[in-house]
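As a plain string of letters, each chain reads:
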Amino acid sequence: MRRTGINRARLPRKLFSALRRSREPTKTPDPDPAEAVGPIRSSVGVCDGITGDRLYGWARDVEQPDQAVVVEIFLDDELVGKEIASRSRPDLAAAGVGNGRYGWQFALPLDLPVGVPIEILVRSDDGRPLDAGAFTLVLDEPLTPSAEPDEEVAREDAAPISPIRGHCDGLRGDDLYGWAQDTEHPDVPVVIEVSLNGELAGETIASLTRPDLRAAGLKHGRYGWRFALPRALPAGVPVDVEVRIKGGAPLADGIFSLDFDPPLAPEDQRRCDAFVRAAQSLGGEAAGTDDPSPAPAAHFILHAPVPLQAANFGRPEYSYAFVRQAFARVLAKLGTVHDAPDAATADRLLSEIEARGESAALLCFAPPHRVLAATRCPVVPVVAWEFPTIPVASSADDPRADWRLGLRQCGRAIALSQFAADAIRGAMGAAFPVAAIPTPSWDRFSPLYRPGGAPTPQTVRIDGFVYDSRGRDYAAAAPIPFPPEPTEFGAFEGVVALDGIVFTSIFSPHDNRKNWKELLIAFVDGLRDRADATIVLKMIATDPAIWWWRVHDALNGMAPFACRVVVLHGFLADADFEALIAATHWIVNASSAEGLCMPLIEYMSAGKPAISPRHTAMVDYVTPANALVVDSTEEPCGFPHEEGGEWSTTRHRIAFDALAGAFANGYRIARDLPDDYARRAAAAHDTMREFCSEAVVAAQLDSFLGLNLSAQNAGESPSQLMKMLAAS
Amino acid sequence: MILLDHAAFDEQSINANLGAPEYSYWFVRKAFRPMLDRLGTRQAVADPYAEADAIYRAARDRGEPCVLFSFNPPQYVPLGLECPTVPVFAWEYDTIPTESWEGEESEDWRVPLTRCGAAVTHCQSAVRAVRRAMGDDYPIWSVPAPVYSAHRPRGTARGWQTGVRLPVDGAIVIDTSGMDLSLFLPDTMQTLGVRALRTLNRAMSEQGKRAALQLNGVVYTAVFNPDDGRKNWGDLVDGFVWAFRDNPDAMLILKITQSDIFAGLLPVLSHLARVGRYRCRIIVVQGMLSQDAYAAMAEATSYAVNTSRGEGQCLPLMEFMSAGRPAIAPTHTAMAEYVNPDNAFPLPSRSRLADWPHDPREARRCHDYDIEFPSLVGAYQQSFRIARDDPGRYRSMSEAASIALENYCSDDITLRRLADVIERMTGHRPHQPQPSVQTAAALSHATALARSLFKRPVSLGRKDTSQ
């Protein structure tokens with residue numbers, strides 16, 4: 001299969017004026033509905049192949065799944081037809097791809113010459129080629145018309161769900177690990193569950209990067225999984241372990257008996273204990289353990305629902321897992337932490353705790369409609385939310401879609417920001433007990449802060465690949481090369497040397513709230529001629545195609561420029577993550593709304609001042625002292641879970657000129673005003689200690705879970721637009 | 001003095017082409033024609049390459065000066081004629097195209113502008129953009145289309161309407177309030193929505209498209225082509241709904257300048273289907289109105305609304321403000337010259353990187369503007385209160401609007417500046433007509449009174465700094 005680039009300049013000349021700027025249907029004298037489908041921004045799709053005379057496949061707009069994508073078919077660079085991808089494809093529906101009505105097929109001309117290479121290109125009408133959509137066709141014999149093309153194609157593709165292969169590799173530290181791959185849908189991560197002594201202990205997702213798997217030919221190799229065993233496993237008693245695909249068969253070597261911490265010989269045990277005691281007495285921070293306090297009587301049962309639909313992978317819900325992890329560290333200082341994958345486990349733990357005369361609370365790291373409901377435990381939802389109102393609409397089949405129901409049942413909640421706490425009070429009343437407590441991030445990142453020291457050049461390695469504007473040519477309407485296949489990552493040098501003034505932004509390119517294309521354009525606009533200015537975009541995504549075309553569109557439109565754009569695609573090991581922080585001058589955010597923004601608070605904890613708007617969660621910690629605040633104004637929007645919904649809430653529009661200006665200003669400060677920069681870095685570091693250090697968060701949790709609550713806000717909406725709405 | 005005029009669209013094709021990319025050039029040419037008639041002998045040419053030079057040579061042989069005014073964007077202006085040629089074009093960005101693409105040398109506007117040797121545009125921001133590329137001494141004049149005299153106030157403007165009947169014959173009129181627009185949601189827009197519009201169009205064509213609106217309360221009117229993304233009409237509608245969702249006394253007329261009913265109505269109805277239920281009134285009017293009907297619409301309007309990203313002059317806003325309707329509008333680009341706090345609720349805006357709208361390469365080489373949504377909501381709310389509760393303030397804003405537009409685009413200003421252009425091109429200054437009876441009448445009692453009311457002149461007598 002030969003690859004080919006697309007030359008946009010060869011496309012038919014667009015009409016004068018702004019017709020093309022409209023996202024609405026293009027003008028036609030007598031529009032045929034089939035022709036009038038407008039441009040699509042974010043399509044994905046596949047050209048599956050040829051059956052009879054039919055070229056077929058599927059395509060879908062991930063941002064507007066209800067709008068059919070138009071695919072364009074080119075033979076030898078000539079547009080020969082357009083098809084609407086709206087045919088029913090039961091196999092897609094079965095695989096969880098929306099409603100499955102995304103199929104297309106195109107009848108190739110029956111007179112295509114035999115034995116002559118024909119370049120075939122299939123792309124969606126936003127210019128993006130489908131997967132496997134560019135290839136050279138050489139016919140052995142003339143095409144024959146397909147008899148019943150529709151059924152034929154559909155049947156052929158309606159393959160049954162294929163078996164999953166995988167392995168439990170063993171125990172490392174307290175972690176079980178292994179890998180699993182769905183051979184039929186290799187890009188959809190497999191969910192693994194682990195049971196101990198016949199009881200479900202938890203789940204994990206097989207999506208960790210495993211270079212050895214890649215080397216063994218398992219596509220991109222991101223099929224690894226790891227499962228942390230509970231610390232409370234009794235030593236010396238064998239535990240029956242079963243590792244299986246969720247709801248399915250055990251993995252190879254997935255059933256075994258684990259003898260955790262088998263008894264040591266007395267002498268070995270004594271030496272071991274002596275070492276531990278000595279090590280503890282050396283560390284000043286651990287001095288308190290010399291004087292062991294009685295075991296805390298408080299218990300925290302933690303639950304974070306792993307979204308089971310693999311289609312949700314990379315979605316915002318996943319960040320709840322990170323929040324849970326960070327809170328668990330702090331809660332361990334206040335009491336004993338347990339994990340409960342489901343309500344039954346939570347209730348069993350509660351019974352055991354109560355039997356000892358102690359008490360427990362269940363912390364659900366989930367939005368209120370997804371907290372564990374059928375449990376005896378007192379439940380405290382921990383909610384990340386970025387809008388000034390909460391969902392209060394419900395339907396008969398989903399009454400819990402009205403968040404007030406779940407909140408009322410819980411009776412209290414923890415939000416990650418004051419903004420979200422205000423939103424909850426706005427719906428529940430000013431007296432509703434809700435605390436704003438951020439994820440404790442300061443302690444982990446503050447050691448990276450070098451007081452008064454400037455960021456230093458670093459080499460960053462990534463298990464994935466580095467996209468670097470240096471050495472690439474950009475020009476208006478220049479052809480865009482194809483992105484590397486995940487299997488080709490190994491061929492790229494996953495190493496980048498960063499120097500000069502470095503701006504870093506970390507986000508999922510799937511998340512439209514991040515405004516990342518504007519962010520990139522504003523950087524180039526603000527620092528066009530500065531060869532020593534670099535923006536690093538760390539993309540949290542599996543397939544580079546999600547950002548590749550947009551990055552090229554942006555940079556081609558901005559050419560010529562001297563500044564440097566680096567995209568890091570893949571997994572950063574801790575040391576490289578820290579190297580990236582060490583090289584960074586400014587952490588950048590241009591979001592329209594944030595529930596907390598962990599990259600921002602992590603970098604700021606490490607003493608990196610920010611370029612960021614000051615709205616939603618950022619109001620809690622972004623100040624003119626620790627950041628270059630970017631102007632923004634409010635605008636209405638719908639909730640993300642509502643499809644084409646009405647406005648229920650608001651978000652924020654970033655002022656482009658202010659963002660570009662902040663880049664220029666940030667560059668000047670970092671390069672020419674070292675004292676000014678150092679003051680801002682110190683301010684960032686100090687703000688974060690007061691905001692999200694474990695000590696501060698622990699005190700807040702202690703106070704709130706003990707319900708020593710002081711209401712901070714009288715239930716007034718945090719949104720200017722919402723107040724205007726109320727006034728009119 | 002022979003004055004030739006040419007535009008890509010002519011009288012016959014404009015109805016079918018309303019909303020097509022260059023349609024506004026036709027309107028501009030139409031507005032300039034009476035001025036050319038007063039400055040010389042105007043003659044329309046359909047094909048300048050075939051006709052212009054013959055007319056020019058004959059005139060030259062008679063010793064009579066001759067100029068061709070080409071109402072077209074510079075890249076489409078005829079080049080290589082013997083007849084002196086002046087492009088007349090609108091522009092709303094801070095830079096002009098200085099690159100060529102697809103092998104078209106004229107896409108680099110420096111080429112046609114250099115060869116023509118002079119040009120006419122409609123606002124100072126466009127003059128600055130041209131001079132930035134062509135040098136400070138490049139002869140270019142800002143000559144706004146002289147719409148004031150045809151639209152000047154007929155009476156005292158009212159902010160609060162009670163039982164006003166507005167005939168809108170010849171157009172499709174959809175009063176969307178309380179209407180189920182779910183047909184136009186994305187999944188059925190292209191099937192059921194198209195079907196419904198086709199049926200509606202057929203039915204209304206059969207009954208002759210006769211309709212009348214009953215207007216009550218505060219009436220906001222916006223005139224735009226929804227195909228033109230620069231109009232930013234989504235904000236305009238959203239801001240209205242945000243400000244007045246449950247207020248039946250607030251009314252928004254969306255006058256669509258797009259002759260194709262599907263291109264004109266589908267995007268607007270689809271947008272309205274997604275803003276949720278509203279009790280304020282939103283009325284969509286699609287089709288070419290007669291001059292009388294259009295004037296009546298302006299008369300029945302309390303405020304003209306514009307939320308554009310940039311305007312070369314904005315004829316509808318100029319027309320409505322000439323008629324004494326205060327505005328809600330940003331103050332960037334051309335609006336900077338006639339929108340101010342005395343006659344409007346100015347909307348703050350921020351500049352953004354943009355591309356020249358006809359550049360297929362989408363290279364980012366210029367800037368346009370983004371309004372701030374909360375300011376728009378605030379302007380709607382404040383303007384409503386003034387129209388309802390403060391007729392005195394409304395009247396003074398109305399008078400200030402009319403005065404500002406008289407100062408921007410009166411016949412006198414146009415005549416004087418066009419005379420400058422013609423003198424530059426031919427070496428002969430045309431006979432400058434005295435202010436016509438119409439123009440003198442424009443300084444009517446109301447206007448004179450209004451002037452005396454203000455302590456300071458209201459953007460009076462912007463100096464002609466274009467040349």
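Note that the structure is a prediction, hence the values are computed from the model and not measured.

Draft legend 1. Representation of the overall build of chain B in the model. Helix and strand counts for chain B come out as 16 helices and 16 strands. Scored against the burial criterion, the 467 residues of chain B give a buried share of 64%. A total accessible area of about 16,900 Å² is found for chain B, and carbon and sulfur atoms account for 48% of it.

Draft legend 2. Spatial organisation of the nonpolar core. Residues and elements named next belong to chain B. By size, the foremost hydrophobic cluster in this structure holds 86 residues, and its most contacted members are F69, F89, W91, L113, L317, Y338 and L405. Looking at which element gives the most residues to this core, the answer is helix α2 (residues 23-39), with seven residues. Ignoring sequence-local partners within four residues, the contact set of L405 consists of Y148, M318, M321, S322, Y338 and S410.

Draft legend 3. Quick peek at the packing of aromatic side chains. Considering all chains together, one arrives at 40 aromatic pairs over all chains under this definition. Measuring from centroid to centroid gives 5.7 Å for W547(A) and W548(A), while their planes differ by 45°, and the two rings are tilted. Here W547(A) matches W548(A) in class, with each residue buried. Three or more aromatic residues joined by ring pairs form one cluster here, namely W160(B), Y220(B), F240(B), F244(B), Y303(B), F345(B), Y380(B), F384(B) and Y394(B).

Draft legend 4. The sheet that holds strand β3 (residues 66-71) of chain B, seen in detail. Residues and elements named next belong to chain B. Pairing is parallel in the open sheet, where four strands are placed in the order β2-β1-β3-β4. Two strands close off the open sheet at either side, each with one partner strand: β2 (41-44) and β4 (85-87). Across the sheet, the mean angle separating the axes of adjacent strands is 25° when strand polarity is ignored. With six bridges connecting them, strand β1 (residues 2-7) and β3 associate as parallel partners. Among the inter-strand pairings, H6 is bridged to a residue of β3, identified as S70. In the packing of helix α3 (residues 48-62) onto the sheet, the strands contacted are β1, β2 and β3, and the crossing angle to β1 comes to about 175°. Set on the sheet, helix α14 (residues 411-426) makes contact with β1, β3 and β4; between it and β3 the angle comes to about 125°.

Draft legend 5. Representation of the environment of R385(B) in the model. Structurally, the position occupied by R385(B) is in helix α12 (residues 373-389). Remark: the alpha-carbon pair of R385(B) and A296(B), spanning 89 residues in sequence, is separated by 24 Å.

Draft legend 6. Quick peek at the confidence of the model for chain B. Residues and elements named next belong to chain B. This prediction gives chain B a mean pLDDT of 88; 88% of its residues lie at or above 70. Contacts from residues 437-446, a stretch scored under 50 in pLDDT, to residues over four places away or in other chains number 10 contacts. When the criterion is pLDDT under 50, residues 448-467 qualifies, and its contacts beyond four places in sequence or with other chains add up to 40 contacts. We note a pTM of 0.70 for the whole complex and an ipTM of 0.79 for its interfaces.

Draft legend 7. Structural context of the pattern of salt bridges. Taken as a whole, this structure holds 54 salt bridges over all chains when the rule is applied. In this structure, D235(B) and R653(A) form a salt bridge, with 2.8 Å as the shortest nitrogen-oxygen distance. Taken together, the positions of D235(B) in helix α8 (residues 233-244) and R653(A) in strand β31 (residues 649-654) put the pair across two chains. The buried category is assigned to D235(B), whose relative accessible area is 7%. For R653(A), a relative accessible area of 13% corresponds to the buried category. Look at the salt bridges and you will find they share partners, linking E635(A), R651(A), R653(A), D235(B), R309(B) and D370(B) into a network.

Draft legend 8. Region of the structure containing the pairing of strand β23 (residues 495-498) of chain A. Residues and elements named next belong to chain A. Burial of the side chains of β23 is restricted to one face: V496 and L498 are buried, whereas none of V495 and A497 on the reverse face is. Relative to β23, strand β21 (residues 458-461) runs antiparallel, the two sharing four bridges. Along β23, the bridge assignment pairs Q458 with L498.

The rules behind the values
Residues numbered from 1 in each chain as written. Chains lettered and ligands numbered in written order. Predicted model: local features only at pLDDT ≥ 70, side-chain atom pairs only at ≥ 80, totals over all residues. Heavy atoms only, no water. Helix = DSSP H or I, 4+ residues; strand = E, 2+ residues; numbered from the N terminus. Buried < 20%, exposed > 50% of the residue type's maximum accessible area, 1.4 Å probe, protein only. Areas by Shrake-Rupley, 256 points an atom, 1.4 Å probe, with all protein chains shown as cover. Core = buried A, V, L, I, M, F, W, Y, C linked by side-chain atoms within 4.5 Å. Contact = heavy atoms within 4.5 Å. Phe/Tyr/Trp six-rings, centres within 6.5 Å; stacked < 30°, edge-to-face > 60°. Pairing = 2+ DSSP bridges. Axes fitted to C-alpha atoms, helices over the stretch in contact; angles between N-to-C directions. pLDDT = per-residue confidence, 0-100. Salt bridge = Lys/Arg side-chain N within 4 Å of Asp/Glu carboxyl O.

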